[in-house]
Amino acid sequence: MVRSMKPERTKYCPGCGHGIIHRLVAEVVDEFGLRERAIGIAPVGCSVLADLYWNFDVVSAAHGRAAAVATGITRANPDCFVLSYQGDGDLAAIGTAETIHAANRGEKFVTVFVNNAIYGMTGGQMAPTTLIGQPATTCQLGRDPAIAGYPIRVCELLQTLGGVAYLARGSVDTPKNVLAAKRHLKKAFQLALDKRGYCLVEILSPCPTNWGMTPPQAIAWLRENMLTYYPLGVFKDVSAEEKRA
Ligand SMILES: Cc1ncc(C[n+]2csc(CCOP(=O)(O)OP(=O)(O)O)c2C)c(N)n1
Ligand code: SF4
C-alpha cells in the first residue's frame, strides 16, 4: 500500500501521464518517510487535481506562481519537505521568472515538471514546449518557429544556474523509463533533503486528449517526437560532480 496515495479513482483522461507521475511521487514520499512533513504545491493546470490523490498536505497556487509559493513555505518551514508539481504552461510560460529565479537562488525544494507539450486543462493551446510542426488550437497548422519561437528545453536552460543541485529528464512511455524517472525523483528528494539547492525532475508525459490521439498512439508519438527533441538523462548533479572532483 502506498500511504501517500488516497484510494480514489482517477479523474484524469484515459492514457494521461499525470496519474503515473502522481504515483511515483507518492511512492518516493513514502520511501523517504516524508508523508507527515511533505507539502505539495499544485498550481493551475491539470496538476491542480493532485490533492484529490495525494495523501499529504497540498496547497494550490495561482497559475505560474508555484515556485514563489514553494519558496515562501520552504523558508518559513525549513523542517517541511516541499515539492511543486507543475505543467509546462505553468512552469515555462506564465511562471518563467519564478522558476528561473527560484532555481538561481538555490531554493531548497523539489520541482516535478510535467512536460506534455501542450496546455492540457484549457483545451490544447500552444505551450512553450510545443514541438515545431505540432498542431495546437492556437496554431492549427503546427508550431512555426518564425512566429512562435522554438520549444524551450527547461533542463538545458537551467543547467548553468549556480543554485541548481539536480536536473534530470525522464519519461513515462515505457516501464523502464518509469523506473528511471523514479530514480531521478529519489535523487532529487535526497539532494533537497540535504539542503543542496534547487532540484527539478522533468517528466515527458502524454496528453492523448489534446494531442487528438488514442492512448497507444500518444505513447508512440511521444517516443518518436518528444524523445528526440527532449533527450532523457541527468543534466546536473552536484553530488556526482563532487565525486568526480
Ligand atoms: C493568470 C491565469 N492565466 C491563465 C489561466 C488559464 N489557464 C488555466 S490552466 C492553463 C494551462 C495549463 O497548462 P499546463 O501548465 O501545461 O498544465 P496541464 O494542464 O497541461 O497539465 C491556463 C492557461 C489561469 N487560470 N490563470
Ligand atoms: S487534458 Fe491532457 S493533461 Fe489534462 S487530464 Fe487530460 S490527458 Fe491529462
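Being a predicted model, the structure only gives us computed values, none of them experimental.

Undergrad: Explain the overall build of the protein to me, using residue names and the numbers behind them.
TA: The secondary structure content of the protein amounts to 11 helices and seven strands. Compactness check: the protein gives a C-alpha radius of gyration of 17 Å against a globular reference of 18 Å for 245 residues, within 12% of the reference. With respect to the principal axes defined by its C-alpha atoms, the protein has extents near 50 × 45 × 35 Å. Buried residues in the protein amount to 51% of all 245 residues. Nonlocal contacts in the protein, meaning residues at least 24 apart in sequence, comprise 70% of its contacts between residues at least 6 apart. With the model as given, the accessible surface of the protein reaches about 10,600 Å², and the carbon-plus-sulfur share is 57%. Placing the 25 positive and 21 negative side-chain charges of the protein at their respective mean positions leaves the two points 3 Å apart.

Undergrad: Explain the site of ligand 2 to me, and be specific about the residues and the numbers.
TA: For ligand 2, the full set of nearby residues is Tyr12, Cys13, Cys16, His18, Cys46, Asn116, Gly120, Cys207, Pro208, Thr209 and Asn210. Looking at the shell around ligand 2, the element that brings in the most residues is helix α9 (residues 208–211), giving three residues. For the shell around ligand 2, the class distribution of residues is six nonpolar, five polar and no charged.

Undergrad: Run through the pattern of salt bridges, naming residues and quoting values.
TA: One pass over the structure, following the stated rule, counts 14 salt bridges. Here arginine 3 makes a salt bridge to glutamate 36, at a shortest N to O gap of 3.6 Å. A residue pair is termed long-range when its members are at least 10 positions apart, and arginine 3 in the segment before α1 (18–31) and glutamate 36 in the loop between α1 and β1 (38–42) qualify at 33 residues. A network of salt bridges, in which partner residues are shared, links Arg23, Glu27, Glu31, Lys182 and Lys186.

Undergrad: Mind laying out the packing of α1 against helix α8 (residues 175–193), listing which residues take part and the relevant values?
TA: The N-to-C vectors of α1 and α8 enclose an angle of 45°; their axes lie 10 Å apart at closest approach. By the angle between their directions, the pair α1 and α8 is classed as oblique. As for the relative orientation of α1 and α8, their crossing is right-handed in sense. Where α1 abuts α8, its residues Ile20, Leu24, Val25, Glu27, Val28, Val29 and Glu31 lie against Val178, Ala181, Lys182, Leu185, Lys186 and Phe189. Classifying every residue of the contact of α1 with α8 gives nine nonpolar, no polar and four charged.

Undergrad: Give me the lowdown on the site of ligand 1, citing residues and values where you can.
TA: If you check the shell around ligand 1, you find 16 residues, and the closest are Cys46, Asp88, Gly89, Asp90 and Gly120. Contact between ligand 1 and glycine 89: an oxygen atom at 2.8 Å from a main-chain N or O atom of the residue. Among the elements that line the shell around ligand 1, the one with the most residues is helix α4 (residues 88–94), at four residues. Here the residues of the shell around ligand 1 are counted per class, giving six nonpolar, eight polar and two charged.

Undergrad: Could you give an account of the packing of aromatic side chains, naming the residues involved and the relevant values?
TA: In this structure the tally under the stated criterion is eight aromatic pairs. Here phenylalanine 32 and phenylalanine 189 contribute two aromatic rings whose centre-to-centre distance is 5.8 Å and whose plane-to-plane angle is 45°, an arrangement assigned as tilted. Of this pair, phenylalanine 32 sits in the loop between α1 and β1 while phenylalanine 189 is found in helix α8, placing the two residues 157 residues apart along the sequence. Owing to a relative accessible area of 23%, phenylalanine 32 belongs among the partly exposed residues under this scheme. Judged by its relative accessible area of 0%, phenylalanine 189 is buried. Taking 5.4 Å as the distance between ring centres and 85° as the angle between the ring planes, the aromatic pair formed by phenylalanine 109 and tyrosine 198 counts as edge-to-face. Of this pair, phenylalanine 109 sits in the loop between α5 (96–105) and β4 (110–115) while tyrosine 198 sits in strand β6 (residues 198–204), and the two are 89 residues apart along the sequence. Take phenylalanine 109: its relative accessible area is 0%, and that puts it in the buried class. A relative accessible area of 0% places tyrosine 198 in the buried class. Within the aromatic cluster, the residues linked to one another by ring pairs are Phe32, Phe81 and Phe189. Of note, arginine 153 hangs over the ring of tyrosine 229, and the distance from its end group to the ring centre comes to 3.7 Å.

Undergrad: Give me the nonpolar core: which residues, what numbers.
TA: Judged by nonpolar contacts, the single largest core of 34 residues is most densely connected at Leu83 and Val110. When residues of this core are traced back to their parent elements, those giving at least two are α1, β1, β3 (81–87), β4, β5 (164–171), α8 and β6. With seven residues, α8 is the largest single contributor of residues to this core. Core analysis: the second largest hydrophobic core is formed by 23 residues, Val154, Leu158, Leu161 and Val164 among them.

The rules behind these values
- Think of each chain on its own: its residues are numbered from 1, step by step along the sequence as written.
- Whichever chain is written first becomes A and whichever ligand is written first becomes 1, with later ones labelled in order.
- With the structure being a predicted model, the display of local features is reserved for residues of pLDDT at least 70 and the display and counting of side-chain atom pairs for 80 or more, all residues being used for whole-chain, interface and lining totals.
- Side-chain metrics rest on all non-hydrogen atoms present in the structure, leaving aside hydrogens and water.
- By the criteria applied, helices consist of DSSP H or I runs no shorter than four residues and strands consist of E runs no shorter than two, each listed in order from the N terminus.
- Our radius of gyration looks at C-alpha atoms and nothing else; its globule reference is 2.2 Å times the residue count to the power 0.38.
- Categorising residues by exposure relies on relative accessible area from a 1.4 Å probe, with only protein chains included: less than 20% of the type maximum marks a residue as buried, more than 50% marks it as exposed, and the intermediate range marks it as partly exposed.
- Contact definition: two residues touch when any of their heavy atoms are within 4.5 Å.
- Here the accessible surface of atoms and residues is derived via Shrake-Rupley with a 1.4 Å probe, and residues count as covered only by protein chains that are part of the display.
- The charge count includes Lys and Arg as positive and Asp and Glu as negative, but it does not include His or the ends of the chains.
- To locate a charge, the coordinates of NZ of Lys, CZ of Arg, CG of Asp or CD of Glu are taken.
- Neighbouring residues are identified by heavy atoms, a residue being near a molecule or strand if any of them is within 4 Å of it.
- Note on residue classes: Ala, Val, Leu, Ile, Met, Phe, Trp, Tyr, Cys and Pro are nonpolar, Asp, Glu, Lys and Arg are charged, and everything else, Gly too, is polar.
- Counted as salt bridges are all cases of a side-chain nitrogen of Lys or Arg within 4 Å of a carboxyl oxygen of Asp or Glu.
- To obtain each axis, a line is fitted to C-alpha atoms, and for helices this fit is confined to the stretch in contact; angles are then taken between N-to-C directions over 0 to 180 degrees.
- Reported orientations rely on four angle classes, namely roughly parallel under 35 degrees, roughly antiparallel over 145, roughly perpendicular from 65 to 115, and oblique for the rest.
- For a crossing to be left-handed, the near helix must be turned anticlockwise from the far one by less than a right angle; the clockwise case is right-handed.
- We call two N or O atoms a polar contact when they sit within 3.5 Å, provided that within protein one can donate a hydrogen and the other can accept it, with sequence-adjacent residues counted only if both atoms are side-chain atoms.
- Between 30 and 60 degrees the pair is tilted, below 30 it is stacked and above 60 it is edge-to-face, where a pair is any two Phe, Tyr or Trp rings, Trp via its six-membered ring, whose centres lie within 6.5 Å.
- The rule for a charge over a ring is simple: NZ of Lys or CZ of Arg within 6 Å of the ring centre, and within 35 degrees of the ring normal.
- The set of buried Ala, Val, Leu, Ile, Met, Phe, Trp, Tyr and Cys residues whose side-chain atoms join them within 4.5 Å is what this entry labels a nonpolar core.

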